[in-house]
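Residue strings, one per chain:
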Amino acid sequence: MGPAELIVLTFPHEVITAEEARALGALRTAGDIRVIDSLVVSRHADGGIGYAEVGEVEHLRGTVAAGGHGLPLIGPEDAQEAAGLLEPGTVGVLVLIEHLWARTAAEALAAVGGRIASGVRIPEERIEAAVRAAEARSRAER
């Protein structure tokens, strides 16, 4: 198995729309990852938290279906933690994925006693901000 990662996707309202559900489906069909498990978490307008397996939400069935093992690996503790990222009246989808593109590297490392021990996901906007800051420093140094 390649490296796995738990990602949290957020949306600015309490219910995922049909258009957003179609976009979620791209996770399943992209080919670079395998969805292992997924869970919908919502923070209601009153601050309450709810969660459900993606397959339990009628219009989300088949979008980011789990990898077929049938075991829920994302649980209530994960839902509570992810809810801390949500504003009242918003929803998130926790998706546990395997990075298929890195499977060959992981297997090669394992064959010689090594392993991928850690990884850090850096959001695109942070990278863009760092690039802008580096460009500004470079211009100032000229």
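The numbers attached to residues start from 1 for each chain and follow its sequence in the written order. Where local features are concerned, this predicted model is filtered to residues with pLDDT of at least 70; where side-chain atom pairs are given and counted, the filter is 80 or more; whole-chain, interface and lining totals use all residues. Only heavy atoms go into the side-chain values, all of them from the structure, while hydrogens and water stay out.

**Remarks on the overall build of the protein chain**
Threshold: Each helix corresponds to a stretch of at least 4 residues labelled H or I by DSSP, and each strand to a stretch of at least 2 residues labelled E; elements are numbered beginning at the N terminus. Within these notes, the globule rule equals 2.2 Å times the number of residues to the 0.38 power, and the radius of gyration is based on C-alpha atoms. Relative accessibility thresholds used throughout: buried, under 20% of the residue-type maximum; exposed, over 50%; partly exposed, between the two (1.4 Å probe, protein chains only). The criterion used for residue contact is that any of the two residues' heavy atoms lie within 4.5 Å.
A tally of helices and strands in the protein chain yields four helices and four strands. Listed N to C, the secondary structure of the protein chain is β-α-β-β-α-β-α-α in terms of helices and strands. In terms of C-alpha radius of gyration, the protein chain reaches 18 Å, well past the compact-globule figure of 14 Å for 142 residues. With respect to the principal axes defined by its C-alpha atoms, the protein chain has extents near 55 × 45 × 25 Å. Sorting the 142 residues of the protein chain into buried and exposed places 32% on the buried side. Pairs at least 24 residues apart make up 76% of the contacts formed inside the protein chain by residues separated by at least 6 positions.

**Considering helix H1 (residues 18–29)**
This is how it is decided: Here the expected span of a helix is defined as 1.5 Å times the quantity of residues minus one. Think of it as the arc spanned by the lines of direction from the helix axis to the C-beta atoms.
Taking 1.5 Å per residue as the helical rise, H1 with its 12 residues ought to reach 16 Å, and the 17 Å between its terminal C-alpha atoms agrees with that figure. Listed in full, the buried residues belonging to H1 are Glu20, Ala21, Leu24, Gly25 and Leu27. Looking straight down H1, one finds its buried side chains confined to an arc of 155 degrees; they lie on one side. Away from the buried face of H1 by more than 90 degrees, exposed residues Glu19, Arg22, Ala23 and Thr29 are located.

**Side note on the side chain of glutamate 98**
Keep this limit in mind: Any N or O atom pair separated by 3.5 Å or less is treated as a polar contact, with the protein-specific requirement of one donor-capable and one acceptor-capable atom, and with residues adjacent in sequence counted only for side-chain atom pairs.
Relative to the elements of secondary structure, glutamate 98 occurs in strand E4 (residues 90–99). There is a polar contact of 2.9 Å between the side chain of glutamate 98 and the side chain of arginine 103. If we skip the residues at most four places from it in the chain, glutamate 98 touches Met1, Gly2, Pro3, Ala4, Asp32, Ile33, Arg34, Ile36 and Arg103.

**Quick word on the pairing of strand E2 (residues 33–43)**
Filter applied, for reference: We call two strands paired when DSSP finds no fewer than two bridges between them.
Judged by how many residues are buried, E2 sits mostly within the fold: 10 of 11 residues are covered. Bridge analysis of E2 against E4 gives 10 bridges, and the strand direction is antiparallel. For isoleucine 33, the partnering residue across the bridge sits in E4 and is histidine 99. For E2 and strand E3 (residues 49–53), the ladder comprises five bridges, and the chain directions are antiparallel. In the sheet register, valine 41 faces E3, and the bridge partner there is tyrosine 51.

**What to know about the nonpolar core**
Stated formally: Here, nonpolar core refers to any group of buried Ala, Val, Leu, Ile, Met, Phe, Trp, Tyr and Cys residues whose side-chain atoms link them within 4.5 Å.
Membership of the largest hydrophobic core comes to 15 residues, with the highest contact counts inside it found for Ile16, Leu24, Leu60, Val93 and Val95. Among the secondary structure elements, those contributing two or more residues to this core are strand E1 (4–11), H1, E2 and E4. Examining the composition of this core, we find that four residues originate from one element, E4, more than from any other. Dropping the residues within four chain positions of it, leucine 60 is found in contact with Ile16, Ala21, Leu24, Val40 and Val54. Counting residues in each nonpolar core, the second largest holds 10 residues, with Ile74, Ala79, Ala82 and Leu94 among its members.

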